[in-house]
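Residue-level structure breakdown
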Amino acid sequence: MDAILLAAGNSVRFGGNKLLFPLGQKPVYRYMLERLYQKKEEHLLENVVVVTQYGPISADIRQNFPGAYAVNNPAPERGISSSIRLGLEQLEQISAGSQSCLFAVADQPFLTAGSLEKMIKVWQQNSYGIVSAAQVPEPLAGSAQAGNPVIFSAKYYEELKNLSGDTGGKKVMRRHMEDVGFCAILPRELEDIDTKEALGHSHPACIQDFPFLKESGHVISLVGAGGKTTLMYALAAYYAETGRTVVVTTTTHICKPEPYPPGYPVVQSLRQLKERLKEYPVVVAGADAPGGKLKMPDTMGISDYVKAADIVLVEADGAKHFPCKAPLETEPVIPDESSIVIGVAGVDTLGKPLSEACFRKEKMMELLHAGPSHRMSEKDLATVLLSENGTRKQVGQRDYYIVLNKCDDQRKRGQGERVKKILQAAGAANVFCLALKPPGRQGFPYDAR
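In this report, we go over the structure that sits alongside the text. Here the structure is a predicted model, which means the values were calculated and not measured. (Residues numbered from 1 in each chain as written. Predicted model: local features only at pLDDT ≥ 70, side-chain atom pairs only at ≥ 80, totals over all residues. Heavy atoms only, no water.)

1. Remarks on the overall build of the protein
- Along the backbone of the protein there are 15 helices and 22 strands.
- Each of the 449 residues in the protein was classed as buried or not, and the buried ones make up 56%.
- Restricting to contacts in the protein with at least 6 residues of sequence separation, those with at least 24 account for 72%.
- About 19100 Å² of surface is accessible on the protein, with carbon and sulfur atoms providing 47% of the total. (Helix = DSSP H or I, 4+ residues; strand = E, 2+ residues; numbered from the N terminus. Buried < 20%, exposed > 50% of the residue type's maximum accessible area, 1.4 Å probe, protein only. Contact = heavy atoms within 4.5 Å. Areas by Shrake-Rupley, 256 points an atom, 1.4 Å probe, with all protein chains shown as cover.)

2. What about the packing of helix α13 (residues 361-368) against helix α14 (residues 378-386)?
- For the pair α13 and α14, interaxial distance at closest approach is 11 Å and the crossing angle is 100 degrees. Taken as axis vectors, α13 and α14 run roughly perpendicular relative to one another. Taken together, the residues of α14 that come into contact with α13 (itself represented by Met 364, Leu 367 and Leu 368) are Asp 380, Thr 383 and Val 384. (Axes fitted to C-alpha atoms, helices over the stretch in contact; angles between N-to-C directions. Parallel < 35°, antiparallel > 145°, perpendicular 65-115°, else oblique.)

3. A look at the pairing of strand β7 (residues 130-134)
- In terms of burial, β7 is a largely internal element, five of the five residues being buried.
- Every second residue of β7 is oriented toward a common face, with Ile 130, Ser 132 and Ala 134 on one face and Val 131 and Ala 133 on the other, all of them buried.
- Note that β7 and strand β8 (residues 146-153) share five bridges and pair antiparallel. Residue Ala 133 lies in a different strand from β8, and its bridge partner there is Gly 147. (Pairing = 2+ DSSP bridges.)

4. Quick look at the environment of Ile 185
- Among the structural elements, Ile 185 can be located in the loop between β9 (180-184) and α7 (187-190).
- Residue Ile 185 is classed as buried on the basis of its relative accessible area, which comes to 0%.
- A C-alpha to C-alpha distance of 8.6 Å links Ile 185 and Leu 111, two positions 74 residues apart in sequence.
- In contact with Ile 185, other than residues within four places in its own chain, are Leu 111, Ser 115, Lys 118, Met 119, Ala 133, Ala 134, Gln 135 and Leu 190.

5. Examining the sheet that holds strand β12 (residues 254-255)
- Pairing within the open sheet is antiparallel, and its three strands lie in the order β12-β16-β15. With one partner strand each, in any of the chains shown, β12 and β15 (287-289) form the two edges of the open sheet.

6. Some remarks on the pairing of strand β5 (residues 69-72)
- For strand β4 (residues 48-52) and β5, the ladder comprises four bridges, and the chain directions are parallel. Across the sheet, the residue bridging to Val 49 is Tyr 69, located in β5.
- Chirality of the crossover, the property in question, places the unit of β4, helix α2 (residues 55-64) and β5 among those that are right-handed. (Right-handed = clockwise from strand over helix to strand, strands pointing away.)

7. Section: the nonpolar core
- With 43 residues, the main nonpolar core has Met 364, Met 376, Leu 381, Leu 404 and Leu 423 as its most contacted residues.
- Apart from the residues lying within four places of it in its own chain, the contact partners of Met 364 are Cys 324, Lys 325, Ala 326, Leu 354, Cys 358, Met 376 and Val 384.
- Judged by nonpolar contacts, the second largest core, of 36 residues, contains Val 248, Val 284, Val 344 and Leu 436. (Core = buried A, V, L, I, M, F, W, Y, C linked by side-chain atoms within 4.5 Å.)

8. Details of α13
- The complete set of buried residues in α13 reads Lys 363, Met 364, Met 365, Leu 367 and Leu 368.
- Contact partners of the buried residues in α13: β18 (324-325), α12 (354-357), β20 (358-359) and α14.
- A positive backbone phi angle near 55 degrees is found at His 369, which sits one or two residues after α13.

9. Some details on α14
- Taken residue by residue, α14 has Asp 380, Leu 381, Ala 382, Val 384 and Leu 385 as its buried positions.
- Taken together, the buried residues of α14 touch β18, β19 (340-346), α13, β21 (399-405) and α15 (410-425).

10. With respect to the environment of Val 344
- Secondary-structure assignment places Val 344 in strand β19.
- Expressed as a C-alpha distance, the spacing of Val 344 and Cys 324, which sit 20 residues apart in the sequence, is 8.1 Å.
- In this view, Val 344 contacts Val 223, Gly 224, Ala 225, Gly 226, Gly 227, Lys 228, Leu 231, Thr 391, Val 403 and Asn 405; residues no more than four positions away in its chain are not counted.

11. Concerning the packing of aromatic side chains
- Evaluated as defined, the whole model comprises nine aromatic pairs.
- On the numbers, 5.4 Å between centres and 10 degrees between planes, the contact of Phe 210 with Phe 212 is stacked. The same class applies to Phe 210 as to Phe 212, namely buried.
- With 4.9 Å between their ring centres and 75 degrees between their planes, Phe 212 and Tyr 401 make a pair best called edge-to-face. Linking Phe 212 in the loop between α8 (196-202) and β10 (219-224) with Tyr 401 in strand β21, this pair joins segments that are 189 residues apart in sequence.
- Using a relative accessible area of 1% as the deciding quantity, one classes Phe 212 as buried. (Phe/Tyr/Trp six-rings, centres within 6.5 Å; stacked < 30°, edge-to-face > 60°.)

12. Remarks on the side chain of Gln 90
- Among the structural elements, Gln 90 can be located in helix α3 (residues 80-94).
- Using a relative accessible area of 17% as the deciding quantity, one classes Gln 90 as buried.
- When near neighbours in sequence (up to four residues on either side) are disregarded, Gln 90 contacts Val 49, Tyr 69 and Val 71.

13. Considering the state of the cysteines
- If you walk through the whole model with that rule in mind, you get zero disulfides.
- Of all cysteine sulfurs, the one in Cys 358 lies closest to Cys 324, which takes part in no disulfide; the gap is 4.8 Å.
- We classify Cys 324 as buried; its relative accessible area is 2%. (Disulfide = S-S within 2.5 Å.)

Below is the structure:
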């Protein structure tokens with residue numbers, strides 16, 4: 001199989017060259033290019049052809065991607081069909097016996113290497129002439145849920161070359177729906193970047209400094225208040241982007257994922273879990289609970305999740321949406337298998353009376369030796385996060401990380417940094433000030449500041 005990366009668009013809606021726009025430490029186009037090239041080095045792809053109008057992209061390919069080909073599109077205004085045709089013509093020159101080609105676009109930076117490999121495997125294990133990425137396993141014919149990347153058999157090359165204007169391969173696909181297979185990929189991964197706002201909200205810069213993110217095999221428990229669920233799904237998305245499989249679950253109760261991102265499937269049995277992990281990098285293990293929430297299924301345990309996935313994320317505490325809490329005798333419920341515990345608190349608790357800003361207020365008053373009208377200070381919050389009767393309860397010898405969330409503006413950021421200094425002076429080594437955003441239709445749970 002060969003690959004053609006389409007990187008010649010004019011980025012009209014973006015208001016600038018989105019392919020060269022920086023995302024993290026590299027430009028947007030680099031993410032897909034590197035993942036395709038990785039599959040070439042793994043011998044899952046034979047040739048990689050990049051069609052572009054931009055000199056910096058061509059120069060980067062010549063200098064840093066030996067064996068890949070850069071093709072100039074001198075007339076990108078003619079539409080995507082011109083790039084498809086140029087890519088296929090180049091491919092036919094270098095690989096006369098090309099049997100199939102994966103077409104990808106350069107403005108899908110969140111598509112993972114694992115999802116590319118999954119598409120290739122769907123192609124190899126079936127007899128489809130076309131395989132399309134899709135948000136669900138079997139979308140309706142012509143549905144907008146199906147899109148790039150797409151793999152085409154060589155028998156469709158001539159039809160693709162005869163396209164005109166801004167018409168892409170979906171037109172050919174619709175003519176031959178009887179020959180089309182679909183590969184389910186998370187909606188987040190299939191997003192292409194059309195605006196700077198979407199790019200900014202999606203970048204997970206605020207969590208990527210956690211040192212454990214490069215490691216697999218962890219069971220990570222989240223305790224405390226003020227953003228546990230949002231952080232849990234942010235971590236799940238990050239692991240998925242880097243090719244890991246994740247089980248999300250709870251030892252208490254969590255809200256069901258919404259039908260828009262994160263949009264992860266919910267399973268209640270081990271058989272379902274294993275099947276869904278073949279299609280999705282993130283699966284939520286949960287049984288129905290009162291209030292439209294989920295609890296851990298009786299049919300599975302943490303040891304099952306560890307065997308099935310690379311990472312297990314556990315919401316091990318509840319806080320009823322309060323920014324801070326003191327636990328009861330039976331809280332939190334940290335699994336024995338947990339190797340990392342993340343304690344979370346919202347800085348918006350600062351300056352508010354304990355009676356208003358804290359869950360389990362009686363326990364909080366007992367912990368701080370204060371009355372209900374006492375206002376939470378920066379020192380108080382640090383005390384709660386470090387106390388064996390507070391957020392650090394039952395952590396034991398596990399690695400302990402502290403997240404000060406809701407540092408949404410300059411004032412709150414300053415408060416968070418002052419609490420962080422108090423915590424570090426007391427010996428806390430891993431403290432992070434974040435401004436996590438709950439997932440929604442237009443963005444994801446990240447703030448890239």
